[in-house]
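Given next are the chains, with one letter for each unit.
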Amino acid sequence: DLAEPKTIEARPAGNMNDEIAPHGEVCYYQFGPRGDKPAVRVIWYDGGLKPPCPDEMGSRPLPDRGVLFVGDKGMLLAEGAGGAPRLVPFEKTREYKKPAPSLPRSKGHHRDWLDACKGGPAASANFDYGARLTELALLGVASLRTGKKLVWDAANMKAIGEPEVDAILRGTYRKGWELT
């Protein structure tokens, strides 16, 4: 249920300038509370960068790709692109009771898309979902390019007090090709 971030701050790893991107970056997204759910901080590591390995992992290193959710009672690790999630510390898996599924199971990205095209239910990774994810990535790029922490006004699609971000996000269009 994460919608738009409140703030975005990206830091480059390595050199970057107007002509080259860094070999990686770390991007911090702060989301506000949603109903009875608390605020959430998301940290994106890119270009081979990783967070420090939690002590709870023991002698096992973090995978090269994956997602690590950190909570008050432990962590959830999903390796690769869609790997099966595991609890950390790994011993917690024995006492864990799975909740009932709350989302329809996907038949796979392409099958979901084809079924939606044929009049079936919306794909699990539909355009509403994809647009939000794309917006997050592009806001990270805007923060990285400007070197600034952005305070995002989602309703007006503007970074508050940062007109140079607007220029990056909106671009310049040839006459007759402007967006309205």
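How would you explain the side chain of Asp112 if you had to name every residue and give the values?
Residue position: Asp112 is located in helix H1 (residues 109-117). Buried within the structure, Asp112 lacks any salt-bridge partner; Lys107 is the closest side chain of opposite charge, at an N-O distance of 6.3 Å. In this view, Asp112 contacts Ser106, Lys107, Ala123 and Ser124; residues no more than four positions away in its chain are not counted.

Can you lay out unusual backbone geometry for me, pointing to particular residues and giving the numbers?
Note the cis peptide between Val88 and Pro89, where omega equals 0°. Looking at the secondary structure, you find Pro89 in the loop between strand E6 (85-88) and H1. One non-glycine residue with positive phi stands out, namely Met157, at about 50°. Its location among the elements puts Met157 in the loop between strand E7 (150-153) and strand E8 (158-159).

Provide a residue-level description of the environment of Trp113, including the pertinent values.
Within the secondary structure layout, Trp113 lies in helix H1. Separated by 11 residues in the primary sequence, Trp113 and Ser124 place their C-alpha atoms 8.2 Å from one another.

Got a sec to walk through the sheet that holds E7? Specific residues and values, please.
One open sheet holds the 5 strands; their spatial order is E3-E2-E1-E7-E8, and the pairing between them is antiparallel. The open sheet has two edge strands, strand E3 (40-46) and E8, and neither has a second partner. Bridge analysis of strand E2 (residues 24-31) against E3 gives 7 bridges, and the strand direction is antiparallel. Bridging from a neighbouring strand, Gln30 pairs with Arg41 of E3. Taken strand by strand, helix H2 (residues 127-146) contacts strand E1 (7-13), E2 and E7, and its axis lies near 60° from that of E1.

Run through the packing of aromatic side chains, naming residues and quoting values.
For the coordinates displayed, the defined rule picks out 0 aromatic pairs. Stacked on the ring of Phe90, the Lys or Arg Arg60 has its end atom at 4.2 Å from the ring centre.

Help me get a handle on the environment of Pro5, residues and values and all.
Along the chain, Pro5 falls in the segment before E1. Note on Pro5: relative accessible area 2%, which makes it buried. Apart from the residues lying within four places of it in its own chain, the contact partners of Pro5 are Tyr29, Gln30, Phe31, Leu136, Leu139 and Trp152.

Outline the pattern of salt bridges, listing residues and values.
Applying the stated criterion to the full structure yields 9 salt bridges. As a salt-bridge pair, Glu162 and Lys148 come within 3.1 Å of each other at their nearest N and O atoms. Of the two residues, Glu162 is situated in the loop between E8 and helix H3 (163-170) and Lys148 in the loop between H2 and E7; the sequence distance between them amounts to 14 residues. For Glu162, a relative accessible area of 16% corresponds to the buried category. Put simply, Asp166 and Lys158 hold a salt bridge, and the shortest N to O gap is 3.4 Å. Salt bridges linked by common partners bring Lys107, Arg111 and Asp115 together as one network.

Break down the sheet that holds strand E5 (residues 75-79) for me, with residues and values.
Sheet strands associate in pairs through backbone hydrogen bonding, adopting either a parallel or an antiparallel arrangement. Sheet architecture is open: 3 strands sit in the order E4-E5-E6, paired in antiparallel fashion. Edge positions in the sheet fall to strand E4 (66-70) and E6, since each has one partner strand and no second. In this sheet, adjacent strand axes meet at a mean angle of 20° when their direction is disregarded.

So, how was this worked out
- Residues numbered from 1 in each chain as written.
- Predicted model: local features only at pLDDT ≥ 70, side-chain atom pairs only at ≥ 80, totals over all residues.
- Heavy atoms only, no water.
- Helix = DSSP H or I, 4+ residues; strand = E, 2+ residues; numbered from the N terminus.
- Buried < 20%, exposed > 50% of the residue type's maximum accessible area, 1.4 Å probe, protein only.
- Lys, Arg positive; Asp, Glu negative; His and termini not counted.
- Salt bridge = Lys/Arg side-chain N within 4 Å of Asp/Glu carboxyl O.
- Contact = heavy atoms within 4.5 Å.
- Pairing = 2+ DSSP bridges.
- Axes fitted to C-alpha atoms, helices over the stretch in contact; angles between N-to-C directions.
- Phe/Tyr/Trp six-rings, centres within 6.5 Å; stacked < 30°, edge-to-face > 60°.
- Lys NZ or Arg CZ within 6 Å of the ring centre and 35° of its normal.

Shape is all these values report; function is a separate question.
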